[in-house]
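Fold and geometry: a report
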Amino acid sequence: MSDLHIYNTLTRKKEKFEPITEGFVGMYVCGPTVYSDPHLGHAKSYVSFDVINRYFRYLGYKVRYVQNITDVGHLTDDADQGEDKLQKQARLEQLEPMEIAEKYTYKYFKEMDQLNILRPDISPRASGHITEQIQMVEQLIEKDHAYVADGNVYFDVTSDEEYGKLSGRDLEEQEAGVRVETAEDKRHPSDFALWKKADEGHIMKWPSPWSLGYPGWHIECSVMSTKYLGENFDIHGGGIDNQFPHHECEIAQSENAHDQPFANYWMHNNMVTLNGQKMGKSLGNAISLHEFFSGDHELLNESWEPEVIRFFLLQSHYRSPTDFSEEALSAARSGLKNLHQIVKTIDDAEDGEGEPFDLESCRSDIESRLNDDFNTAQAIGQIFEHLRPLRSQIEDGNIPSNIDEVKAFIRAMIDDVFGLWPSKSGGDEELTNSLVEILLEIRSEARENKNFELADKIRDDLESLGVKVMDKPGGTKFRIDN
RNA sequence: GGCGACGUGGCCGAGGGGCUAGGCAGAGGACUGCAAAUCCUCGUACGGCGGUUCGAAUCCGCCCGUCGCCUCCA
């Protein structure tokens with residue numbers, strides 16, 4: 001597959017990607033509601049879209065990647081009832097809602113940074129776009145797609161004959177199955193809030209033509225995507241759990257307000273489970289990313305490096321569910337370590353005069369997998385497939401004549417696209433290397449004198465410091481693992 | 001109850017009518033003072049029962065099981 005194809009949730013098919021403007025990609029991905037610690041689900045979603053973002057750039061597209069920060073309007077309860085999530089957390093932590101937003105926004109970025117996720121080009125806050133949200137609600141009222149009821153404004157789903165097209169639902173069936181109480185001032189149970197009047201005690205509220213209140217959850221994404229990407233843009237992504245109602249509502253609002261298609265391609269990543277179970281606070285298995293990184297949770301036996309989690313996620317497809325277990329992570333950790341060693345051997349090779357490496361077939365085998373709806377799992381398979389023999393060739397001293405070109409490609413793919421380049425070792429690298437070499441010289445002498453006791457002691461002691469010693473045919477080599 | 005996805009060798013995980021995925025773990029061998037590392041070789045797997053077909057893990061039906069959405073979640 002030489003052209004990039006994307007599975008579009010809207011059409012339930014893989015489609016060739018054709019940008020609205022040649023050479024440019026506008027991508028909006030639903031960001032976090034910043035009221036608690038980031039967890040594995042965030043990791044899966046944002047690692048997936050990170051590689052998508054990176055691959056577009058690799059292909060030469062100029063990407064504008066927008067990801068919102070939801071800091072208002074997301075209610076704890078269903079059917080447009082209940083408390084604002086941030087306000088509730090603020091009460092629990094005895095902080096201002098905006099302190100909660102800032103605190104968890106910082107945490108979010110910090111942990112996404114650790115996962116080596118490139119930051120979005122724009123991270124707009126919902127609370128910073130209240131004016132625009134009010135304007136859009138006004139537009140919808142003018143066009144008779146929304147109505148005011150006692151200071152609340154609801155979107156009228158019956159005014160949109162396409163409502164349900166993303167999630168494949170129809171309104172009549174929905175009604176029968178509705179098992180949540182709905183706000184009594186709605187005309188139709190599936191109508192959703194565009195603006196809510198603030199209850200007494202509600203802290204985050206703004207004046208509007210209808211009431212002192214706050215925006216509904218869905219409207220922020222419609223507004224911010226449009227503001228930064230236009231009324232019609234290329235890609236809208238997010239977790240599959242947001243397909244309904246969130247994304248369905250976004251489409252309804254945007255297309256009825258603007259009378260044109262909203263996003264051309266809808267992409268949804270699948271969910272994460274932990275030991276086969278959905279994560280949830282009530283199940284006691286909600287482990288935050290921070291806890292994974294530190295190992296500080298009763299369900300964890302050890303800590304897991306962000307890079308291992310990233311690699312593990314990329315070994316499955318973004319549209320498949322991912323089950324986390326320490327056994328699976330452990331296998332991923334070994335695999336990643338091997339990949340790092342392979343890459344390092346290649347990257348250290350210089351001045352080749354041997355048979356050239358078949359870079360074109362390597363490149364096309366990897367790219368074709370990514371072009372097929374970003375199949376990172378297969379692409380990683382191809383990386384191993386091509387790079388293992390290359391390492392062998394190099395270790396045999398037969399360094400390919402096109403080694404520089406090969407190195408550039410590997411860096412572009414593994415570092416720039418996958419974000420899995422070997423981690424940088426700290427300073428003093430040269431000194432450490434020299435010291436280890438001195439020890440190994442002593443060890444060589446000991447071995448020549450058949451003083452294996454001393455030789456093995458040096459090796460064991462170095463090993464306990466994370467320095468692996470390997471006696472290869474061409475001489476002793478070492479590797480520092482940390 | 002409605003909608004949808006999935007069930008692949010010891011584990012993870014792609015694929016998807018006949019053609020090697022890959023990773024981890026494991027076995028044997030080469031190499032080694034012993035190791036480690038590396039290299040070579042090895043698994044004939046697709047939930048169950050039927051059906052379609054020359055041929056099914058891949059298509060169809062039923063059943064079993066898991067998961068998700070329908071309610072906040074990425």
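Everything here concerns the structure above.
Residues numbered from 1 in each chain as written. Chains lettered and ligands numbered in written order. Predicted model: local features only at pLDDT ≥ 70, side-chain atom pairs only at ≥ 80, totals over all residues. Heavy atoms only, no water.

1. Details of the overall build of chain A
Scanning chain A from terminus to terminus reveals 15 helices and 15 strands. By its C-alpha atoms, chain A is 95 × 50 × 35 Å across when sized along the principal axes. The long-range fraction of contacts in chain A, counting pairs at least 24 apart against all pairs at least 6 apart in sequence, stands at 73%. A total of about 22,700 Å² of accessible surface is found on chain A, and carbon and sulfur atoms cover 45% of it. A gap of 3 Å separates the mean positions of the 50 positive and 88 negative side-chain charges of chain A. (Helix = DSSP H or I, 4+ residues; strand = E, 2+ residues; numbered from the N terminus. Contact = heavy atoms within 4.5 Å. Areas by Shrake-Rupley, 256 points an atom, 1.4 Å probe, with all protein chains shown as cover. Lys, Arg positive; Asp, Glu negative; His and termini not counted. Charge placed at Lys NZ, Arg CZ, Asp CG, Glu CD.)

2. Things to note about the packing of aromatic side chains
The full count for this structure, using the stated rule, is 17 aromatic pairs. Geometrically, the ring pair formed by Y46 and Y108 is edge-to-face, given 5.6 Å between the ring centres and 85° between the ring planes. Of this pair, Y46 sits in helix α1 (residues 40-58) while Y108 sits in helix α3 (residues 97-114), and the two are 62 residues apart along the sequence. Given a relative accessible area of 4%, Y108 falls into the buried group. Grouping aromatic residues by their ring pairs yields a cluster made of F17, Y55, F56, Y58, Y61, Y265 and F374. Note that R169 overlies the ring of F244, its terminal NZ or CZ placed 4.0 Å from the centroid. (Phe/Tyr/Trp six-rings, centres within 6.5 Å; stacked < 30°, edge-to-face > 60°. Buried < 20%, exposed > 50% of the residue type's maximum accessible area, 1.4 Å probe, protein only. Lys NZ or Arg CZ within 6 Å of the ring centre and 35° of its normal.)

3. Describing the pairing of strand β9 (residues 233-239)
Of all seven residues in β9, seven are buried; the element is thus mostly enclosed. One ladder, built from six bridges, connects β9 with strand β10 (residues 263-269); its direction is parallel. Opposite I235, over in β10, you have Y265 as the bridge partner. Chirality of the crossover, the property in question, places the unit of β9, helix α7 (residues 243-258) and β10 among those that are right-handed. (Pairing = 2+ DSSP bridges. Right-handed = clockwise from strand over helix to strand, strands pointing away.)

4. Some details on α3
Taking 1.5 Å as the rise per residue, α3 with 18 residues should run 26 Å; its terminal C-alpha atoms sit 26 Å apart, in good agreement. Of the positions making up α3, those classed as buried are P97, I100, A101, Y104, T105, Y108, F109, E111 and M112. At its buried positions, α3 is contacted by α1, β4 (62-67), α2 (85-93) and α8 (289-294). Phi turns positive, to about 60°, at N116, one or two residues after α3. (Expected span 1.5 Å × (residues − 1).)

5. Focus on the pairing of strand β15 (residues 475-480)
Here six bridges tie strand β14 (residues 467-472) to β15, and the two strands are oriented antiparallel to one another. Bridged to M470 within β15 is K477. In sequence, β14 turns back onto β15 through a hairpin of two residues.

6. Observations regarding the packing of α1 against helix α9 (residues 306-314)
Running from amino to carboxyl end, α1 crosses α9 at an angle of 70°, the nearest separation of the two axes being 10 Å. Classed by the angle they form, the pair α1 and α9 counts as roughly perpendicular. Taking contact as the criterion, the partners of L40, A43, K44, V47, D50, V51 and R54 in α1 are, on α9, I309, R310, L313 and L314. Each residue belonging to the contact of α1 with α9 can be placed in one class, and the counts come to seven nonpolar, no polar and four charged. (Axes fitted to C-alpha atoms, helices over the stretch in contact; angles between N-to-C directions. Parallel < 35°, antiparallel > 145°, perpendicular 65-115°, else oblique. Nonpolar A, V, L, I, M, F, W, Y, C, P; charged D, E, K, R; others polar.)

7. Some points on the environment of K337
Tracing the backbone through its elements, the reader meets K337 in helix α10 (residues 326-348). The spacing of K337 and S288 is 49 residues in sequence and 24 Å in space, taken between C-alpha atoms. Residues within four places of K337 in sequence aside, it is in contact with R479 and D481.

8. Overview of the sheet that holds strand β12 (residues 277-278)
The three strands lie next to each other as β12-β11-β13, forming an open sheet whose pairing is mixed. Every other strand in the sheet has two partners, leaving β12 and β13 (322-324) as the edge strands with one partner each. In the packing of α1 onto the sheet, the strands contacted are β11 (272-274) and β13, and the crossing angle to β11 comes to about 145°.

9. A short note on the sheet that holds strand β3 (residues 24-29)
Read from one edge to the other, the open sheet built from four strands follows the order β4-β3-β9-β10, with strand pairing classed as parallel. Here the strands that pair on one side only, and so sit at the sheet edges, are β4 and β10. Ignoring strand direction, the axes of neighbouring strands in this sheet form an average angle of 20°. By the bridge criterion, six bridges tie β3 to β4 in an arrangement that is parallel. Its bridge partner lying in β4, V29 is registered against Q67.

10. With respect to a negative patch on the surface
Taken together, the side chains of E350, D351, E353, D404 and E405 present a region of like negative charge at the surface. Within the secondary structure, D351 is located in the loop between α10 and α11 (359-371). (Patch = residues over 30% accessible without salt bridge, like charges linked within 9 Å, V, L, I, M, F, W, Y side chains within 5 Å. Salt bridge = Lys/Arg side-chain N within 4 Å of Asp/Glu carboxyl O.)

11. Quick word on the packing of α10 against helix α13 (residues 403-417)
Two elements in contact, α10 and α13, have axes separated by 10 Å at closest approach and are oriented at 145°. Judged by the sense of rotation from one axis to the other, the crossing of α10 with α13 is left-handed. Between α10, through L339, V343, I346 and D347, and α13, the contact on the second element is made entirely by I403, V406, K407, I410, R411 and I414. (Left-handed = near helix turned anticlockwise from the far one by under 90°.)

12. A look at a nonpolar patch on the surface
The grouping of L431, L435, I438, L439, I442 and L454 at the surface amounts to a nonpolar patch, some 510 Å² of accessible area in total. Sort the elements by how many residues they give to the nonpolar patch and helix α14 (residues 429-448) lands first, with five residues. Summarising the element assignment, I442 is placed in helix α14.

13. Some words on the environment of P245
Among the secondary structure elements, P245 is positioned in helix α7. With 79 residues separating them in the primary sequence, P245 and L166 have C-alpha atoms 9.6 Å apart.

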